[in-house]
Amino acid sequence: MKRQESVLKMTDASYGKFECAICARAISERAFFAVAALLFAASAAVTIVWCNSMSAMGGMTMAGGWTMSMAWMRMPGQSWAGASSSFVCMWGVMMAAMMLPSLVPMLSRYRRALGGAENLGKLTALVGAGYFSVWTTWGIAAFPVGVALAALEMRHPALSTAVPIAVGVVVVIAGAFQFTAWKARQLDSCRDAPGPGALSPCAATAWRHGLRLGLHCSQCCAGLMAILLVIGVMDLRAMAVVAGAITVERLAPAAERVARAIGAVIIGTGLFLIARAAGLG
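All values reported here derive from a predicted model rather than from experimental measurement.

*Asks:* Break down the overall build of the protein chain for me, citing the residues and quoting the values.
*Replies:* Along the backbone of the protein chain there are nine helices and two strands. Secondary structure elements of the protein chain, listed N to C terminal, follow the sequence α-β-β-α-α-α-α-α-α-α-α. Relative to its full complement of 281 residues, the protein chain shows a buried share of 38%. The long-range fraction of contacts in the protein chain, counting pairs at least 24 apart against all pairs at least 6 apart in sequence, stands at 81%. When the accessible surface of the protein chain is totalled, it reaches about 15000 Å², and 69% of it is carbon and sulfur.

The structure is reproduced here in structure tokens:
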């Protein structure tokens, strides 16, 4: 009889600990989503303010009837180091606003794979830092390319005149990219969920996992980001459309079909831009 009572007490204690663990995990998840929502709201607000300030400054009217974004220009009295730093800061905030809606589910899957690991919040933050470090690297690479192209377009009016058609061609190519097997593989990699025990709950593994997610994500988004860069890197409407397309193709159940549908719309838009630039529409 005493043995049965002892077993019952142990069972009740174990059940109580289990309930506490479930409760703690639920609180942790709510805190995770709350922090993610706050980061998204803050980055979106800063991006809107930055884009509006850039729009208020206007742009440079170029041969061919288009306007060059001031994102590729230095402000009066600003050094090139200062201009590049400002661009990378803007890029980082913009990427946070655009990518968080599709990154949060990936981080949630990472957290589930680790279960009740200690320092889960810090490990999650490391994954996010690794992820955004990849996007920051792309921003650092994009700025000198954009500046060089802007300089060429200002020096050579014939090149500037061809830009509207070139933009349409880039958009068509980006749309065709949505139909490739390579795109499908990268999209699958972004949606894969690590199984329980597949990842070690340590800082180095978290950082590498974030880098891996960032590489797959940036490769998957290459076509869509090319559209943003050629249409207007600080254009809020283009930014919202591209971010929406990225999020939908990541979260939709039939991801590959959605990606192809997005590709068809993009190709149609690119053909329209080419026709308009050629004076046919």
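Let us keep going from here.
*Asks:* Explain the packing of aromatic side chains to me, and be specific about the residues and the numbers.
*Replies:* The geometry of an aromatic ring pair is captured by two quantities: the separation of the ring centres and the angle between the planes. All chains considered together, the criterion is met by eight aromatic pairs. Summarising the aromatic geometry, the rings of Trp72 and Phe87 are spaced 5.2 Å apart at their centres and angled 35° between planes, so their arrangement reads as tilted. Of the two residues, Trp72 sits in the loop between β2 (66-68) and α2 (80-114) while Phe87 sits in helix α2, which places them 15 residues apart along the sequence. In this pair, the class of Trp72 matches that of Phe87, namely buried. Arranged with centres 5.0 Å apart and planes meeting at 90°, the rings of Tyr131 and Phe132 form a pair that is edge-to-face. Members of the aromatic cluster, joined through ring pairs, are Trp72, Trp80, Phe87, Trp91 and Phe143.

*Asks:* Let's hear about the layout of surface pockets: which residues, and what values?
*Replies:* Roughly 370 Å³ of internal volume is contained in the second largest pocket. Val35, Ala36, Leu39, Leu107 and Ala125 are the residues nearest the centre of the second largest pocket, which is lined by 20 residues in total. Put simply, the parts of the chain that give the lining of the second largest pocket at least two residues each are α1 (2-56), α2 and α3 (120-155). The residue makeup of the lining of the second largest pocket, split by class, is 14 nonpolar, five polar and one charged.

*Asks:* Tell me what's going on with helix α5 (residues 181-191), and back it up with residues and numbers.
*Replies:* Among all positions in α5, only Lys183, Ala184, Gln186, Leu187 and Cys190 are buried. For α5, the buried positions fall inside an angular range of 165° around the axis, keeping them on one side. The inward-facing, buried residues of α5 abut α2, α4 (157-177), α6 (203-220), α8 (236-251) and α9 (255-277).

*Asks:* Go over the pattern of salt bridges, please, and point to the residues and values.
*Replies:* Within this structure, the stated rule accounts for four salt bridges. Among the ionic pairs, Arg111 bridges to Glu29, the shortest N-O distance being 2.8 Å. Of this pair, Arg111 sits in helix α2 while Glu29 sits in helix α1, and the two are 82 residues apart along the sequence. Comparing Arg111 with Glu29, the two get one shared label, buried. For Arg237, the salt bridge goes to Asp235, with nearest N and O atoms at 3.9 Å.

*Asks:* With reference to specific residues and values, describe the nonpolar core.
*Replies:* In this structure, Met94, Met95, Met98, Met99, Tyr131, Trp135 and Met225 are the most contacted members of the largest nonpolar core, which totals 66 residues. Ranked by the residues each element gives to this core, the list is headed by α2, at 16 residues. Sequence-distant contacts of Met95, that is, excluding residues within four places in its chain, are made with Leu100, Phe132, Trp135 and Met225.

*Asks:* Explain empty space enclosed by the protein to me, using residue names and the numbers behind them.
*Replies:* This structure, assessed with the given rule, holds one cavity of 30 Å³ or more. As a volume, the largest cavity reaches approximately 40 Å³. Listing elements by their share of the lining of the largest cavity, those giving two or more residues are α2, α5 and α8. With four residues, α2 is the largest single contributor of residues to the lining of the largest cavity. Split by residue class, the lining of the largest cavity holds four nonpolar, one polar and three charged.

*Asks:* Describe the side chain of Thr205, and please don't skip the residues or the numbers.
*Replies:* With respect to the helices and strands, Thr205 occurs in helix α6. Classification of Thr205 by relative accessible area gives buried; the value is 12%. Other than its neighbours up to four places away in sequence, Thr205 contacts Leu199 and Ser200.

*Asks:* Can you break down the environment of Ala252 residue by residue, with the values?
*Replies:* Along the chain, Ala252 turns up in the loop between α8 and α9. For Ala252, the residues in contact, after removing those within four places along its chain, are Arg191 and Val258.

Procedures and definitions
Residues numbered from 1 in each chain as written. Predicted model: local features only at pLDDT ≥ 70, side-chain atom pairs only at ≥ 80, totals over all residues. Heavy atoms only, no water. Helix = DSSP H or I, 4+ residues; strand = E, 2+ residues; numbered from the N terminus. Buried < 20%, exposed > 50% of the residue type's maximum accessible area, 1.4 Å probe, protein only. Contact = heavy atoms within 4.5 Å. Areas by Shrake-Rupley, 256 points an atom, 1.4 Å probe, with all protein chains shown as cover. Phe/Tyr/Trp six-rings, centres within 6.5 Å; stacked < 30°, edge-to-face > 60°. 1 Å grid on protein atoms, 1.4 Å probe; cavity = no way out; pocket = protein on both sides within 12 Å on 5 of 7 lines; lining within 4 Å. Points joined across faces, edges and corners; volume = space filled by probe spheres on them. Nonpolar A, V, L, I, M, F, W, Y, C, P; charged D, E, K, R; others polar. Arc of directions from axis to C-beta. Salt bridge = Lys/Arg side-chain N within 4 Å of Asp/Glu carboxyl O. Core = buried A, V, L, I, M, F, W, Y, C linked by side-chain atoms within 4.5 Å.

Function cannot be inferred from these measures alone, as they are strictly geometric.
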